[in-house]
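Coordinate inspection notes
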Amino acid sequence: MSQKAEFHNLQQPDDGLFRELAEGVTTRIFAGEHAMLSVVTIAPNASGTLHHHPEEQWGVLLEGSAVRIQGGEEIAVTKGDFWRTPGNVPHTMRAGADGCRVLDIFSPPRPEYRKAGKGFG
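Described in the following lines is the structure provided in the data block. (Residues numbered from 1 in each chain as written. Predicted model: local features only at pLDDT ≥ 70, side-chain atom pairs only at ≥ 80, totals over all residues. Heavy atoms only, no water.)

A word on the overall build of the protein chain
Helix and strand content of the protein chain: 0 helices and 8 strands. Along its sequence from the N terminus, the protein chain presents helices and strands in the succession β-β-β-β-β-β-β-β. Rg of the C-alpha trace for the protein chain: 14 Å, near the compact-globule value of 14 Å for 121 residues, within the 12% margin. The C-alpha extent of the protein chain, read off along each of the three principal axes, is 40 × 30 × 25 Å. A sequence separation of at least 24 residues applies to 62% of the contacts in the protein chain between residues at least 6 apart. Counting every atom, the protein chain has about 7,000 Å² of accessible surface; 55% of that belongs to carbon and sulfur. Of the side chains in the protein chain, 12 bear a positive and 15 a negative charge, and the two mean positions are spaced by 4 Å. (Helix = DSSP H or I, 4+ residues; strand = E, 2+ residues; numbered from the N terminus. Rg over C-alpha atoms; globule rule 2.2 N^0.38 Å. Contact = heavy atoms within 4.5 Å. Areas by Shrake-Rupley, 256 points an atom, 1.4 Å probe, with all protein chains shown as cover. Lys, Arg positive; Asp, Glu negative; His and termini not counted. Charge placed at Lys NZ, Arg CZ, Asp CG, Glu CD.)

Brief notes about the packing of aromatic side chains
Applying the stated criterion to the full structure yields 2 aromatic pairs. For the pair Trp 58 and Phe 82, a centre-to-centre distance of 6.2 Å together with 35 degrees between the ring planes defines the contact as tilted. Of this pair, Trp 58 sits in strand E4 (residues 56–70) while Phe 82 sits in strand E6 (residues 82–85), placing them 24 residues apart in sequence. By relative accessible area, which is 35% here, Trp 58 ends up partly exposed. When the ring of Phe 106 is compared with that of Tyr 113, the centres are 5.8 Å apart and the planes differ by 85 degrees; the resulting orientation is edge-to-face. What makes Phe 106 buried here is its relative accessible area of 2%. For Tyr 113, a relative accessible area of 2% puts it in the buried group. Here Arg 110 stacks its cationic end above the ring of Tyr 113, 4.2 Å away from the centre of that ring. (Phe/Tyr/Trp six-rings, centres within 6.5 Å; stacked < 30°, edge-to-face > 60°. Buried < 20%, exposed > 50% of the residue type's maximum accessible area, 1.4 Å probe, protein only. Lys NZ or Arg CZ within 6 Å of the ring centre and 35° of its normal.)

Concerning the pairing of E6
Alternating positions in E6 separate cleanly, Trp 83 and Thr 85 being buried on one face and Phe 82 and Arg 84 remaining unburied on the opposite face. Bridge count for E4 against E6 is 4 bridges, and the pairing is antiparallel. Its bridge partner being in E6, Gln 57 is matched across the sheet by Thr 85. (Pairing = 2+ DSSP bridges.)

As for the pairing of strand E5 (residues 73–78)
As defined by bridge partners, E4 adjoins E5 across 6 bridges and the pair is classed as antiparallel. In the sheet register, Gln 70 faces E5, and the bridge partner there is Glu 73.

A look at the pattern of salt bridges
For the structure on display, the rule yields 7 salt bridges. Among the salt bridges present, the one from Glu 74 reaches Arg 94, with a minimum N-O distance of 3.1 Å. Here Glu 74, found in strand E5, pairs with Arg 94, found in strand E7 (residues 91–107); they are 20 residues apart in sequence, far enough to count as distant. Note on Glu 74: relative accessible area 53%, which makes it exposed. Of the residues examined, Arg 94 reaches a relative accessible area of 30% and is grouped as partly exposed. (Salt bridge = Lys/Arg side-chain N within 4 Å of Asp/Glu carboxyl O.)

See the structure below:
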């Protein structure tokens, strides 16, 4: 295990492992040993696929506006809002008219997100 610090920048579009989650939904992934960050970009009015996974997930809306769909509810979110999604709870996001960027944090890391590819898992 390296003791060196690891640095990244949210504004750097080529940083991280690229993954296309759905049409109009892409992410850059940063995996550690016990946690994983995913910077998701959602095109205007695009949405992800309703899905679930065993890992706990936190999300922060960095830019734009969106609707968080989680556990059968639809909740409008704006810049700075953040939320927690327990494992195995169905969820997705739908971007507003200007699109959005979301920082997702997973614990433990999602194994399927450790490689480039397509889809939510």
